[in-house]
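Remarks on the overall topology
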Amino acid sequence: MGNTKSWSTFFPPTHDLFVAVHSGAGAMASLPPKLSPFSLVDDRKALIFSVSILLASLLISGLEVGSGEDGGDELFREILRDEAVSRINQLGKISDADGYLERTFLSPGSIRATDLIMSWMQDAGLKTWVDQMGNLHGRTNAINATAETLLIGSHLDTVVDAGKYDGSLGIVCAISALKVLKVKGKLEKLYRPVEVIAFSDEEGVRFQSTFLGSAAIAGILPPTTLQISDKSGITVQDVLRENSFDATDESLVWVKYEPRSVWGYVEVHIEQGPVLETLGYPLGVVKGIAGQTRLKVEVSGAQGHAGTVPMLMRQDPMAAAAELVVTVESLCKYPDKFLAYDEHCGFFGKESFAGLVCTVGEISCWPSASNVIPGQVNFTVDIRAIDDEARELVVSEFSNQVYRKCEERMVNCTIEHKHNAEAAHCDSGLSLQLKHATSSALGKMLGDIHSDVPILMSGAGHDAMAMSHLTKVGMLFVRCRGGISHSPEESVLDDDVWAAGLALLHFFDQHVNLLHF
């Protein structure tokens, strides 16, 4: 894994006016009935338009991915379904643990996964490199090498005891769609460059700091992140240097992309919820992603003998922590019991707390012996909501409850903010294009579709949250069985993997595959 500086600076687009030449069926399907591209201009411009089309044809003959002579009716099952599913299964076997799936930031398993994904990128005709935060990049050539780049990605790391689709699905589907373009001889005839990124860390398992990879590319990763340590005292900087990266403040600057060089970011991801399955729909377009706050609460008391300290004289941090865990659960289940609702007086309406969820996912104590009253208990709190101000109010109220209850129990409490991410709203134009691409793909797979593509909100965090600080973002969700994720029970139908890859292919066809004048 080399120290190659990422391609982070490009020239801004120079064309303010353009004529879009969409690929066959995909483009015509997006126009009103009986309306051809030529009817978009009046008679006085028809001649100029016709000459432009002729020149376009001469410059890049056979641009359309879906043209009849190129087999536009093919659904590319072998690549988009069979091979893609096989690759997801292969990644699911690369783990740092025996008996379950776990890959953390730049762990040996992550390095092996990076090498495998790189080989798939190269197989699809992409130029590959690894940046200074361990993110893997695969990039196409394009007719206009200076055009703003479309980024597509997801993460290659996992949680502990993970499912095999979270993160991997988005990476594999993107590579598969681009491989189809290569097979059809169209990869280097895209107007703008397309770059697939496999982010090195999104889950934040090892360092409790999410989006290390995507935040670095978006330019929002503080240099102080290099000094964050894991439970063993090893820092992010240590891990980077162990893997031959520079791990300096300057190296983070090399990773950062310039906003003017990027057109947008798209991410395909399993839904991690039950909505699509309930609706009976394989794909859905994401409207926005909930903001999230991660806290670490430390409760310190008086360590003592379990048999000799009277109950009324104890300063037990475990009992205090237990009460605080129940408190955060009650706060998020019934916020109206803790917070005032009065929109006219400047307070929040109940709808502001729609989708509010809170989770205590990790707890530990010292010295952790059955016959010892603990001296210290630590636990994490994850708070998420679509409304950022409502989330911040819940965090504030929980903090107040913590300090009050700890004082009552005569224990000491501290709260450390480990992560904070504002809600991200997907770009409406990009979402519409993904919706059209999804409708077109499912129409080819399933025939006439009589219902609209579902529009969903995401309660889970995604790399798109970090990337929204760099560029406009869009997301496509894929149905998963029972809405189960972060579990080995995570499951996606093979045909839904196929549908996601085909939707991306149609997205390339309908938007990226353009001529600009």
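Taking an unreviewed UniProt entry as the reference, the protein chain is identified by name as allantoate deiminase belonging to Phoenix dactylifera. You can read under Subcellular location (unreviewed entry) in the UniProt record for the protein chain the words "Endoplasmic reticulum". Taken from UniProt, the Catalytic activity (unreviewed entry) comment for the protein chain reads in full: "allantoate + H2O + 2 H(+) = (S)-2-ureidoglycine + NH4(+) + CO2".

A word on the overall build of the protein chain
Scanning the protein chain for helices and strands turns up 14 helices and 16 strands. Out of the 517 residues belonging to the protein chain, those deemed buried represent 54%. Of the contacts formed within the protein chain by residues at least 6 apart in sequence, a portion of 79% connects residues at least 24 apart. In the structure as shown, the protein chain presents an accessible area of about 22,700 Å², 53% of it carried by carbon and sulfur atoms.

Comments concerning the pairing of strand E4 (residues 194-199)
Of all six residues in E4, six are buried; the element is thus mostly enclosed. Going residue by residue along E4, you find Val194, Val196 and Ala198 tucked away on one face and Glu195, Ile197 and Phe199 tucked away on the opposite face as well. Where strand E3 (residues 149-155) meets E4, six bridges bridge the pair, whose relative direction is parallel. Residue Ile152 lies in a different strand from E4, and its bridge partner there is Val196. Once you follow E3 into helix H5 (residues 168-183) and on to E4, the crossover reads as right-handed.

Comments concerning helix H4 (residues 108-123)
Between the first and last C-alpha of H4 there are 23 Å, a value that for 16 residues agrees with the 22 Å anticipated at 1.5 Å per step. Listed as buried for H4 are Gly109, Ser110, Ile111, Ala113, Thr114, Ile117, Trp120 and Met121. Buried residues along H4 sit in contact with helix H3 (77-92), strand E1 (127-130), strand E2 (136-139), H5 and E4. Downstream of H4 by one or two residues, Gly125 has phi in the positive range, about 90 degrees.

Comments concerning empty space enclosed by the protein
If you walk through the whole model with that rule in mind, you get two cavities of 30 Å³ or more. By volume, the second largest cavity is sized at about 30 Å³. A class-by-class count of the residues in the lining of the second largest cavity yields two nonpolar, four polar and no charged.

Brief notes about the packing of helix H10 (residues 317-333) against helix H11 (residues 388-408)
Orientation of H10 relative to H11, taken along the N-to-C sense of each, is 150 degrees, at an axis distance of 10 Å. In terms of orientation, H10 and H11 fall into the roughly antiparallel class. Classified by chirality, the crossing of H11 by H10 is right-handed. For the pair H10 and H11, the contacting residues are Glu323, Leu324, Thr327, Val328, Leu331 and Cys332 in the first and Val394, Glu397, Phe398, Gln401, Val402, Lys405 and Cys406 in the second. Partitioning the contact of H10 with H11 into residue classes produces eight nonpolar, two polar and three charged.

Considerations on the environment of Ile386
Along the chain, the position of Ile386 falls in the loop between strand E12 (376-385) and H11. On the basis of relative accessibility, which here comes to 28%, the residue Ile386 falls in the partly exposed class. Between the alpha carbons of Ile386 and Ala424 there is a distance of 8.6 Å; along the sequence they are 38 residues apart. With residues up to four places along the chain from it excluded, the contact list for Ile386 reads Ile289, Ala290, Ala423, Met457 and Ser458.

Rules of the game
Residues numbered from 1 in each chain as written. Predicted model: local features only at pLDDT ≥ 70, side-chain atom pairs only at ≥ 80, totals over all residues. Heavy atoms only, no water. UniProt positions renumbered as here; feature names shortened; annotations may be inferred. Helix = DSSP H or I, 4+ residues; strand = E, 2+ residues; numbered from the N terminus. Buried < 20%, exposed > 50% of the residue type's maximum accessible area, 1.4 Å probe, protein only. Contact = heavy atoms within 4.5 Å. Areas by Shrake-Rupley, 256 points an atom, 1.4 Å probe, with all protein chains shown as cover. Pairing = 2+ DSSP bridges. Right-handed = clockwise from strand over helix to strand, strands pointing away. Expected span 1.5 Å × (residues − 1). 1 Å grid on protein atoms, 1.4 Å probe; cavity = no way out; pocket = protein on both sides within 12 Å on 5 of 7 lines; lining within 4 Å. Points joined across faces, edges and corners; volume = space filled by probe spheres on them. Nonpolar A, V, L, I, M, F, W, Y, C, P; charged D, E, K, R; others polar. Axes fitted to C-alpha atoms, helices over the stretch in contact; angles between N-to-C directions. Parallel < 35°, antiparallel > 145°, perpendicular 65-115°, else oblique. Left-handed = near helix turned anticlockwise from the far one by under 90°.

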